[in-house]
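# Remarks on the overall topology
Residue strings, one per chain:
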2 protein chains.
Amino acid sequence: MDPVSASPPTSRGRSGRPPLTSRDDILRAARQVIERDGWEQLTVRRLAAELGVGAATLYHHVRDKDDLLIQLLDQQADEALRPDLPDDPRERIVVAATAIHDALAATPWAAEVLTVDGFLGRLGPSALALVEVIVAGAVACGSSESQAVDLFRNLWYFTVGEILVRARSRSGRATAADRDTFFPADLDAARFPHLAAIGDRWPELAAHDSFPEGLAAFVDGQLARIGPSHASRPSR
Amino acid sequence: MDPVSASPPTSRGRSGRPPLTSRDDILRAARQVIERDGWEQLTVRRLAAELGVGAATLYHHVRDKDDLLIQLLDQQADEALRPDLPDDPRERIVVAATAIHDALAATPWAAEVLTVDGFLGRLGPSALALVEVIVAGAVACGSSESQAVDLFRNLWYFTVGEILVRARSRSGRATAADRDTFFPADLDAARFPHLAAIGDRWPELAAHDSFPEGLAAFVDGQLARIGPSHASRPSR
DNA sequence: ACCTGAACACCGTTCAAGT
DNA sequence: ACCTGAACACCGTTCAAGT
């Protein structure tokens with residue numbers, strides 16, 4: 001589709017200086033910087049230095065930094081998002097949503113770009129395929145198109161929230177356990193009996209991965225509202 | 001608790017120059033800047049200018065910018081987070097979670113600070129009271145402490161995700177409807193039949209507020225996993 | 001057509017020095 | 001004890017000019 005990105009920078013039919021840099025070079029260099037120095041180091045300036053060009057040059061190949069990150073995430077999605085899908089539509093929804101979540105969870109910098117405007121619309125085929133699976137699964141379970149879109153969006157919010165909160169709280173100290181008291185020390189046990197009872201065990205309880213059970217509960221809860229005609233719900 | 005913040009900057013027992021600025025002054029000025037110029041304009045430098053002091057001065061009264069924003073959000077929570085709570089524990093969970101969501105949704109800059117590390121632990125009494133309500137509600141419905149914490153965290157992820165995604169996509173064009181085609185124009189109808197069928201209607205369907213139904217479904221889905229002893233579920 | 005250096009317009013935070 | 005100017009160490013993006 002893009003005539004520039006495929007071939008090396010040989011001269012093309014048109015006039016002008018031949019390109020030193022291509023979209024693919026930029027994405028490759030970006031992955032290298034992230035892998036070597038961590039994603040926090042991926043700035044436009046550093047990336048340009050990595051390629052041996054001026055920072056301004058990059059703006060001839062990508063619209064802006066968000067654009068670069070979305071393309072990068074999409075490239076990784078093409079490689080990672082290929083789950084085996086079961087037959088049961090309810091199961092397909094769960095597996096597809098889990099695949100999306102796990103791909104994002106494995107990409108620490110995903111949080112940076114997850115909420116940019118029009119994110120969904122900028123995705124490539126492998127990511128869209130899983131959106132299709134979820135929407136199709138909901139329809140197969142009896143929901144209308146608008147209910148199916150709502151179901152997808154709710155799962156998306158849940159996934160994004162989990163990724164974002166975890167991404168931010170993972171950084172910092174080694175484990176959540178060796179933190180100073182989680183709730184304020186002067187927590188009024190009369191007003192907050194349960195929180196006081198849990199007390200310092202909160203970080204420990206919160207270290208548990210609640211996503212898989214939460215996802216299943218969310219899918220079942222939403223399908224249950226569609227009507228009794230929804231598909232089989234295995235005993236788990 | 002904090003001896004400085006309560007009283008105006010009169011001289012205190014100890015030695016040294018009397019303060020020109022207090023934590024309360026800073027929070028008040030921050031609210032003024034946000035209200036007048038929008039929250040994007042709330043920078044450390046502008047806030048200092050508003051107060052007529054140097055930027056460095058603020059660092060004697062707040063730890064850093066995140067600290068300032070959390071205190072600001074907490075102050076608003078004290079004013080907004082006082083819902084009437086019903087008797088039924090399942091209903092209490094829904095009402096409390098809705099109150100948290102609505103307070104955050106009404107604060108456009110909330111997205112900026114929602115995911116900072118230790119956010120929950122830095123909250124004041126009125127916000128903690130709703131956390132307590134949700135955890136207590138889950139326990140009243142038969143869940144263990146760890147299940148109750150999971151339930152709260154899952155609702156929190158859902159809420160945060162909804163707020164963050166909406167916060168970012170609301171900015172920009174007037175409504176989502178007058179956007180150019182949402183999915184890529186060359187979307188393969190054979191591979192993505194449902195997405196292709198929905199097509200340009202996605203933004204319109206996505207404009208619908210799916211949170212309330214989603215929340216109810218999520219709560220019911222999670223309570224259903226706890227066991228048959230869970231509380232009444234009204235017919236709505 | 002492609003690339004560049006320099007500039008623009010900022011950030012949050014630190015710190016030695018003043019009062 | 002409190003406040004300050006100046007500096008530090010950066011950002012992403014634009015643009016006139018070069019090749």
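Before reading on, note that the structure itself is shown above.
Now for a look at the structure at hand. Throughout this document, residue positions are counted from 1 along each chain, in the order its sequence is written. Just so you know, chain letters begin at A and ligand numbers begin at 1, following the order they were written in. Note on the predicted model: pLDDT of at least 70 is required for a residue's local features to be given, and 80 or more for side-chain atom pairs to be given and counted; whole-chain, interface and lining totals, by contrast, use all residues. Each side-chain value is worked out from all heavy atoms of the structure, with water and hydrogens disregarded.

## A few points about the overall build of chain A
Counting its secondary structure elements, chain A contains ten helices and zero strands. Strands are runs of DSSP state E lasting at least 2 residues, helices are runs of H or I lasting at least 4, and numbering of each runs from the N terminus. Along chain A, from the amino end to the carboxyl end, the secondary structure elements read α-α-α-α-α-α-α-α-α-α. Throughout this description, buried means an accessible area under 20% of the type-specific maximum (1.4 Å probe, protein chains only), exposed means over 50%, and partly exposed covers the range between. Each of the 236 residues in chain A was classed as buried or not, and the buried ones make up 46%. Throughout, a residue-residue contact means that at least one pair of heavy atoms, one from each residue, lies within 4.5 Å. A fraction of 64% describes how many contacts in chain A between residues 6 or more apart in sequence connect residues 24 or more apart. With residues, only the protein chains shown are counted as cover, and all accessible areas are computed by Shrake-Rupley using a 1.4 Å probe. With the model as given, the accessible surface of chain A reaches about 11900 Å², and the carbon-plus-sulfur share is 52%.

## Brief notes about the interface of chain A and chain B
With 66 residues of chain A at the contact, the number on the chain B side is 66 residues. Contact between chain A and chain B buries roughly 5700 Å² in total, counting both sides, with carbon and sulfur atoms accounting for 63%. It is Glu-132, Tyr-157 and Arg-225 of chain A that lose the most area in chain A upon contact with chain B, and together they represent 13% of the buried surface on that side. By definition here, a salt bridge exists when the distance from a side-chain nitrogen of Lys or Arg to a carboxyl oxygen of Asp or Glu is within 4 Å. In this structure, the connection of chain A to chain B is made through six salt bridges. A simple way to read buried area is as the amount of 1.4 Å-probe accessible surface that goes missing from two parts once joined, with both sides added.

## Notes on the relation of the copies chain A and chain B
Here the copies are superposed with least squares, the fitted atoms being C-alpha atoms of residues at a pLDDT of at least 70 in both. The two copies are related by a screw operation: chain A maps onto chain B through 180° of rotation and 0.0 Å of translation along the axis, at an RMSD of 0.0 Å. What the rotation and shift describe, once combined, is the action of a two-fold rotation axis. Both copies present the same face, since 100% of the interface residues in chain A are matched by interface residues at the equivalent positions in chain B.

## Some points on the pattern of salt bridges
In total, this model carries 28 salt bridges over all chains according to the counting rule given. We note a salt bridge from Arg-63 of chain A to Asp-67 of chain A, for which the minimum N-O separation is 3.9 Å. By relative accessible area, which is 58% here, Arg-63 of chain A ends up exposed. Judged by relative accessible area, which is 12%, Asp-67 of chain A ranks as buried. Glu-50 of chain B is the salt-bridge partner of Arg-36 of chain B, the closest N and O atoms lying 2.6 Å from each other. Highlighted residues: Arg-36 of chain B in helix 2 (residues 23-37) and Glu-50 of chain B in helix 3 (residues 44-51), separated in sequence by 14 residues. On the basis of relative accessible area, Glu-50 of chain B is assigned to the partly exposed category, the value being 28%. Where salt bridges share partners, they join Arg-90, Glu-91, Glu-213 and Asp-220 of chain A together with Arg-225 of chain B into one cluster.

## Section: the environment of Trp-156 of chain B
Inspection of the secondary structure assignment puts Trp-156 of chain B in helix 7 (residues 145-170). When its relative accessible area of 9% is taken as the criterion, Trp-156 of chain B is described as buried. Setting aside chain neighbours within four positions, we find Trp-156 of chain B in contact with Val-165 of chain A together with Ile-100, Leu-104, Leu-114, Phe-119 and Leu-120 of chain B.

## Here we look at the packing of aromatic side chains
The description of two aromatic rings rests on the distance between their centres and on the angle between their planes. Side-chain rings of Phe, Tyr and Trp, where Trp is taken by its six-membered ring, are said to pair if the distance between their centres is within 6.5 Å; with planes under 30 degrees apart they count as stacked, over 60 as edge-to-face, and otherwise as tilted. Tallying each qualifying case throughout the model produces 13 aromatic pairs over all chains. A ring pair is formed by Phe-152 of chain A and Trp-202 of chain B, whose centres lie 5.8 Å apart and whose planes are at 65°; its orientation type is edge-to-face. With one member in each of two chains, Phe-152 of chain A in helix 7 (residues 145-170) and Trp-202 of chain B in helix 9 (residues 202-206) form a pair that bridges those chains. Taking 6.0 Å as the distance between ring centres and 80° as the angle between the ring planes, the aromatic pair formed by Phe-158 of chain A and Phe-218 of chain A counts as edge-to-face. Taken together, the residues span a long stretch of sequence, with Phe-158 of chain A in helix 7 and Phe-218 of chain A in helix 10 (residues 211-224) at a distance of 60 residues. Residue Phe-158 of chain A shares its accessibility class with Phe-218 of chain A, and that shared class is buried. Feature note: the residues Phe-158, Phe-211 and Phe-218 of chain A together with Phe-158, Phe-211 and Phe-218 of chain B constitute an aromatic cluster, connected by ring pairs.

## Things to note about the side chain of Asp-88 of chain B
Residue and element names in this part refer to chain B. Structurally, the position occupied by Asp-88 is in the loop between helix 4 (65-80) and helix 5 (89-105). Although buried, Asp-88 forms no salt bridge, and the nearest oppositely charged side chain, Arg-90, lies 5.7 Å from it. We define a polar contact as two N or O atoms separated by no more than 3.5 Å, with the added condition that, inside protein, one atom must be a possible hydrogen donor and the other a possible acceptor, whereas residues neighbouring each other in sequence contribute only through side-chain atom pairs. Here the side chain of Asp-88 touches Glu-91 through a polar contact of 3.1 Å, landing on its backbone nitrogen. Positive charge is attributed to Lys and Arg, negative charge to Asp and Glu, and no charge count is given to His or to the chain ends.

## Section: the packing of helix 5 of chain B against helix 10 (residues 211-224) of chain B
All names here are of chain B. Working convention: axes come from line fits to C-alpha atoms, limited for helices to the stretch in contact. Angles between N-to-C directions cover 0 to 180 degrees. Running from N to C, helix 5 and helix 10 cross one another at 140°; their axes reach a closest spacing of 10 Å. Classed by the angle they form, the pair helix 5 and helix 10 counts as oblique. Along this stretch, helix 5 crosses helix 10, giving a crossing that reads as right-handed. Between helix 5 and helix 10, the residues in contact are Arg-90, Ile-93, Val-94, Ala-97, Thr-98 and His-101 and Phe-211, Leu-215, Ala-216, Val-219, Asp-220 and Leu-223, respectively. What sets the label is the angle itself: under 35 degrees gives roughly parallel, over 145 gives roughly antiparallel, 65 to 115 gives roughly perpendicular, and the rest give oblique. Should the near helix be turned anticlockwise from the far one by less than a right angle, the crossing is left-handed, and should it be turned clockwise, the crossing is right-handed.

## Topic: helix 4 of chain B
Residues lying three or four places apart along an α-helix face the same way, a consequence of the helix completing one turn every 3.6 residues. All names here are of chain B. Spanning 16 residues, helix 4 covers 23 Å between terminal C-alpha atoms, matching the ideal 22 Å at 1.5 Å per step. Of the positions making up helix 4, those classed as buried are Asp-67, Leu-68, Leu-69, Ile-70, Gln-71, Leu-72, Leu-73, Asp-74 and Ala-77. On its buried face, helix 4 is in contact with helix 2, helix 3, helix 5 and helix 6 (125-140). Here helix 4 starts with a cap whose side-chain oxygen sits 3.4 Å from the backbone nitrogen of Asp-66, and that cap is Asp-64. The span one expects for a helix is its residue count, reduced by one, times 1.5 Å.

From the geometry alone we can't say anything about function, so treat these as descriptive.
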